[in-house]
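# Reading the structure
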Amino acid sequence: MKFTLSWLRDHLETEATLDEILYALTDLGLEVEGVENPGDRLKDFTIGKVRAAEKHPDADKLKVCMVETSQGEKQIICGAPNAREGITVVIAHPGTYVPGIDTTIQVGKIRGVESHGMMCSEREMELSDEHDGIIELPSGEVGERFVDWLAANDPAKVDPVIEIAITPNRPDALGVRGIARDLAARGLGTMKPLSVEPVPASFEAETKVTIAEDTLDGCPLFCGRVVRGVKNGPSPQWLQDRLRAIGLRPISFLVDVTNFFTYDLNRPLHVFDLDKVKGDLRIHRAEGGETLLALDERTYTLQPGQMVISDSEGPESLAGIMGGEETGCTEETVNVFVESAYWDPIQIAYTGRALKINSDARYRFERGVDPAFTPQGVEHAVRMIVDIAGGEASQFIQAGEVPDTSRAYRLDTDRVVSLVGMEIPAEEQRHSLEALGFTLDGDMASVPSWRPDVQGEADLVEEVARIASLTKLEGRPMPRTETGVPKPILTTGQKRQQIARRTAAALGLNECVTYSFIDAASAELFGGDDSARLENPISSEMSHMRPQILPGLLQAAARNQARGFLDVGLFEVGAAFSGSEPGEQETQIAGVRIGRTGPKEVHGTSRAVDLYDAKADAEALLAAIGAPAKVQILRGAEGWWHPGRHGRICLGPKKVLGVFGELHPKVLEALDVKGPAVGFVIWPDAVPEPRKTSATRGALTAPDLQAVERDFAFVVDADVDALTLVNAAAGAEKGLIEDVRVFDQFVGGSLGEGKKSLAITVRLQPSTATLTDKEIEAVGAKIVEKVQKATGGTLRG
Amino acid sequence: MDDLRQKYLGLIAEASDEAALEALRVQAIGKKGEVSLAMRELGKMSPEERKEAGPRLNALKDEITSALTAKKAALGDAALEERLAAEWLDVTLPGRPRAQGTIHPISQVMEELTAIFADMGFSVAEGPQVESDWYNFDALNIPGHHPARAEMDTFYMARAEGDNRPPHVLRTHTSPVQIRHMEAYGAPCRVIAPGRVYRADYDQTHTPMFHQVEGLAIDRDISMANLKWVLEEFVKAYFEVDDVELRFRASHFPFTEPSAEVDIRCSWEGGTLKVGEGDDWLEILGSGMVHPKVLQAGGIDPDKWQGFAFGMGIDRIAMLKYGIPDLRAFFDSDLRWLRHYGFSALDVPTLHRGLSA
């Protein structure tokens, strides 16, 4: 919403400075977004008089002028054709910045003659495009500031333009008068009365207006008057200046009048060219399919139920949104119907949205104009039309009634103080509301008709607080509900996410936050379907909610590869979506590693990452978030994993804590990732809740007797899982075997096709007496037997 | 006897290795060594002579023994020094690489927020990112026709054919978590709810996904003045400054009444933000007293309870605090960016240590 200071002063009698007004506006909730004060850039220009002007000795088109200025008589060289003795001019002294030529004036020599300043044209001061010569003022004293002269003689030129942001609850502030009312309530002046002398009716118009029964809820009131014999044409200068100042293009007087009242009083109007209207006006609902060429020169097809104004030939106006081109005013218009109606905000909002029209009228009606002011709106407009464009006015035509919006809410002044936390005296509270147009009867406050937003006691609190100024609010401590050391507040899930993040970073992975969106093809690769599709995606790259975190991470890895970073380790903690119902999301911790463990380096530690890196990552993260150490590793995960190179980390066949493995080469190819790539996914919420125990640890058992380690190598079929062998060995003598580790694997070679050798170290920890050779041998035999039984393998000779 | 002493001390000093020393030991104080033989002669002496020569011979033996030990140690040291000198390595070669990962600034800032608000008695609430339009709008006093709905650039989830329920939305703010929390836990309560939110907007300063933190405090007599204090304390703690001035500006949000936008005093001198000084104001959040209709929607009696709520952009305050220029880069996962703006694994923000120490 834009307006000018002088426009505001039409409604507000005030001594306040521009800065005071700006501060108050923002503080009141009418946030100032910008101010353009032409006076600022003209403040250094002063008025002078040319005493003498003679031709420059060395240039035909230049004149050497002697000018009386605020700094005494100065010699100024001027090239303007109208520079001559006796004229009153505007001077830029040396040091003055001239905006139109983006230059700061300096003393200089022009063709050998000194010049001490400049006489300016309108364009040079950005007042207009006029540049045929320098300004000749009809009045003005030497030394007077040019801005002061403008303020007195041509105020529109120095009228500051203020732009404020209007929150959706304040339709009343979409008119300059409403803004003035807020400022007056704040104490920045007094409201000037708003009155209009209605133009007496001088004839009886024939046009009749009816509102269809089923449309009264959307258009309870429609008013108008006919004016005949008007002379349309350009608006008077003051009106053109006003509209231009706020960024509107003056069109013709009859159109400008409607725009003026839209911004002046938040009263959108429409003016029909009556000579183009056939028969009477009827407000009704569209049956659907009717078309209308609107003022924006586009044709709209109406949907059933949308409100229109029709004449006998059909729809002529999109009610409350935009008039029709057919019956719009032109330069030739002489007879008009001036419309002022009240349209239901919700119906206007839906129609405007459906037709995708953003007009000033829709903007205002859907926020809510003052219904009670509807009839006066006609009188204001008709008065202005007749005064300026002549003609005579008909009787007042009205269909429907002013809707009753009267309501009152209790002002609980103590509750206001309690909610705001500021000592606002009860009297001041009442005064604020009254200044805003509320009427108080005891503690009941009746809401003015122009404030549709006020719908309860809480709204009264807001009005009082706003006028009192929230800037003055002082913080008041809010102690914790319990004294003493704060208790921990994180849930298990929240703790797990934090610890997983920091563990993953400690493992050398970089945390990413990738979009929750993914493209359809990538979603499909990872088991997603259209059940998590967006209706209105911002691009086809972001059309679905991600079914897994992995595709986004792989795309991120591909982008890094494209930038030349080939060794990538990324992870993310976040939600993945299985559908589009609230709650169809799960937390995942996912990571990928691609390339080598690091750049090649002198110690030779760099190597290609593989499945076992991903497994180590997954195991470290699971350990960090408190997963049990004893898990099963099963195969059979989803198709985006390499079928032979992945494992599901499970507690039983249905309880999956995580997956690790190599990604399927086809998936990598589709995502433009140069593979191979390994990765993992962990479902932190699948990890069982820790059993509630005290912080106390179990006692440490550290036997004094020395442990014994023995190595075994078995030849087994190549597809035997190492874990099966390890578990078999560990189960051979439970009390004695403390640990079994695989320390070597050898495949094929001398063992023959389809065979491999697995070497294990078994650590025996006696608890009562040192082991004898015989006992150790016995355990060894048991281990061999168990392993043979479990794997079919034999001890390697 | 002095000859013996001079002879052996001299030979020991000149010995070049341990073997030579051993030979000297045998030669001097071994069973048949010169000193031992001389001691055997003591028996043949007169008591007076013996009384004089005995101690001297013993002293000589001790002296030679010490000299041998000392020389042996000296030879050992010399050998070690020689070996160490030969074991020279180029210490300017790099150490074995240890992988260094990073924490994303969003996560770091979320932990900072949690640390600060936990100290003021707030816990952390969560809610789904796909929301029903009731939780995202209606319950927050934003009915279907409200202009705020159109202004929010909402993402809608597609409905299956024949499913005529109103479409679910991607939550446009973290405010629906207020409702879910009130429904589940009632009053009194104090929570923050950080998380992802979505709006259909993409340009220099907007991304279709970003992060917000919601705050909610409900009790019998919580006021807007309490809200201001909480936010002042938060801003001081978060930006790690001793003092800061907050400006509350009246505004409007459908779910709070009264509503205020909150600015902090700052300066942008030289392009860097300094919080708490200067003449500029920086808008950082929207807030207000929870609207009675919102309390009702959450199942809380607005005649008995009142409180405040606020919502703040996490990405934005992360950019402000850490001088990160471009929002879009947050979600691009450029390794250079992650390493530059990320945080080390052990850099856990706590109040006692300092958030960004």
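Residues numbered from 1 in each chain as written. Chains lettered and ligands numbered in written order. Predicted model: local features only at pLDDT ≥ 70, side-chain atom pairs only at ≥ 80, totals over all residues.

The name that an unreviewed UniProt entry assigns to chain B is Phenylalanine--tRNA ligase alpha subunit, with the source organism given as Histidinibacterium aquaticum. Under the heading Catalytic activity (unreviewed entry), UniProt records this for chain B: "tRNA(Phe) + L-phenylalanine + ATP = L-phenylalanyl-tRNA(Phe) + AMP + diphosphate + H(+)". (UniProt positions renumbered as here; feature names shortened; annotations may be inferred.)

Identification of chain A as Phenylalanine--tRNA ligase beta subunit from Histidinibacterium aquaticum is taken from an unreviewed UniProt entry. According to its UniProt record, chain A has this under Subcellular location (unreviewed entry): "Cytoplasm". Turning to chain A, the UniProt record has this under Catalytic activity (unreviewed entry): "tRNA(Phe) + L-phenylalanine + ATP = L-phenylalanyl-tRNA(Phe) + AMP + diphosphate + H(+)".

## Considerations on the nonpolar core
Formed by 234 residues in total, the largest nonpolar core has its most connected members in Val 336, Leu 553 and Ala 557 of chain A. At eleven residues, helix 9 (residues 224-239) of chain B tops the list of elements feeding residues into this core. When neighbours within four sequence positions are excluded, Ala 557 of chain A is seen to be in contact with Val 568, Leu 570, Val 592, Ile 594, Val 673 and Ala 677 of chain A. Counting 30 residues, the second-largest nonpolar core is a separate cluster that includes Cys 78, Val 89, Val 90 and Phe 146 of chain A. (Core = buried A, V, L, I, M, F, W, Y, C linked by C-beta atoms within 7 Å. Buried ≥ 20, exposed ≤ 12 C-beta atoms within 10 Å, placed from the backbone. Helix = DSSP H or I, 4+ residues; strand = E, 2+ residues; numbered from the N terminus. Contact = placed C-beta atoms within 7 Å.)

## Remarks on the domain arrangement of chain B
Along its sequence, chain B is organised into domain 1 (2-86) and domain 2 (105-341). Inter-centroid distance (C-alpha atoms) of domain 1 of chain B to domain 2 of chain B is 89 Å. (Domains from an automatic or database assignment.)

## Structural notes on helix 20 (residues 773-791) of chain A
Residue and element names in this part refer to chain A. Taking 1.5 Å of rise per residue, the 19 residues of helix 20 would be expected to cover 27 Å, and the 27 Å separating its terminal C-alpha atoms lies within 8% of that figure. Along helix 20, the positions that sit buried rather than exposed are Ile 783, Val 787 and Thr 791. All buried residues of helix 20 lie within an arc of 30° about the axis, which places them on one face of the element. Facing away from the buried side of helix 20, by more than 90 degrees, are the exposed residues Lys 774, Glu 777, Ala 781 and Lys 789. On its buried face, helix 20 is in contact with strand 39 (708-717), helix 19 (722-730) and strand 41 (755-764). Of the residues one or two after helix 20, Gly 792 is the one with positive phi, at around 75°. (Expected span 1.5 Å × (residues − 1). Arc of directions from axis to C-beta.)

## Remarks on the packing of helix 1 (residues 2-14) of chain B against helix 2 (residues 18-29) of chain B
All names here are of chain B. Across the interface, helix 1 lies against helix 2 with an axial gap of 10 Å and an inter-helix angle of 165°. One way to sum up the angle between helix 1 and helix 2 is to call them roughly antiparallel. In this structure, helix 1 crosses over helix 2, and the sense of that crossing is left-handed. Along its contact with helix 1, which presents Tyr 8, Leu 11 and Ile 12, the element helix 2 presents Leu 21, Leu 24 and Ala 28. (Axes fitted to C-alpha atoms, helices over the stretch in contact; angles between N-to-C directions. Parallel < 35°, antiparallel > 145°, perpendicular 65-115°, else oblique. Left-handed = near helix turned anticlockwise from the far one by under 90°.)

## Overview of the sheet that holds strand 18 (residues 270-273) of chain A
Residue and element names in this part refer to chain A. With mixed pairing, the five strands of this open sheet are ordered in space as 15-26-17-25-18. Strand pairing shows two members of the sheet lacking a second neighbour, strand 15 (201-203) and strand 18, which therefore form its edges. For this sheet the average axis-to-axis angle between neighbouring strands, irrespective of direction, equals 35°. Where helix 10 (residues 374-389) meets the sheet, it contacts strand 17 (221-228), strand 25 (335-342) and strand 26 (392-400), and its direction lies at approximately 15° from that of strand 17. (Pairing = 2+ DSSP bridges.)

## Thoughts on the interface of chain A and chain B
Put simply, an interface is often sized by how much accessible area is lost when its parts join up. Every contact between the two is made by 83 residues of chain A and, on the other side, 75 residues of chain B. By residue number, the principal contributor to the side of chain A that touches chain B is helix 14 (residues 492-506) of chain A, which donates seven residues. Looking at the side of chain A that touches chain B residue by residue, the class counts come to 37 nonpolar, 24 polar and 22 charged. (Nonpolar A, V, L, I, M, F, W, Y, C, P; charged D, E, K, R; others polar.)

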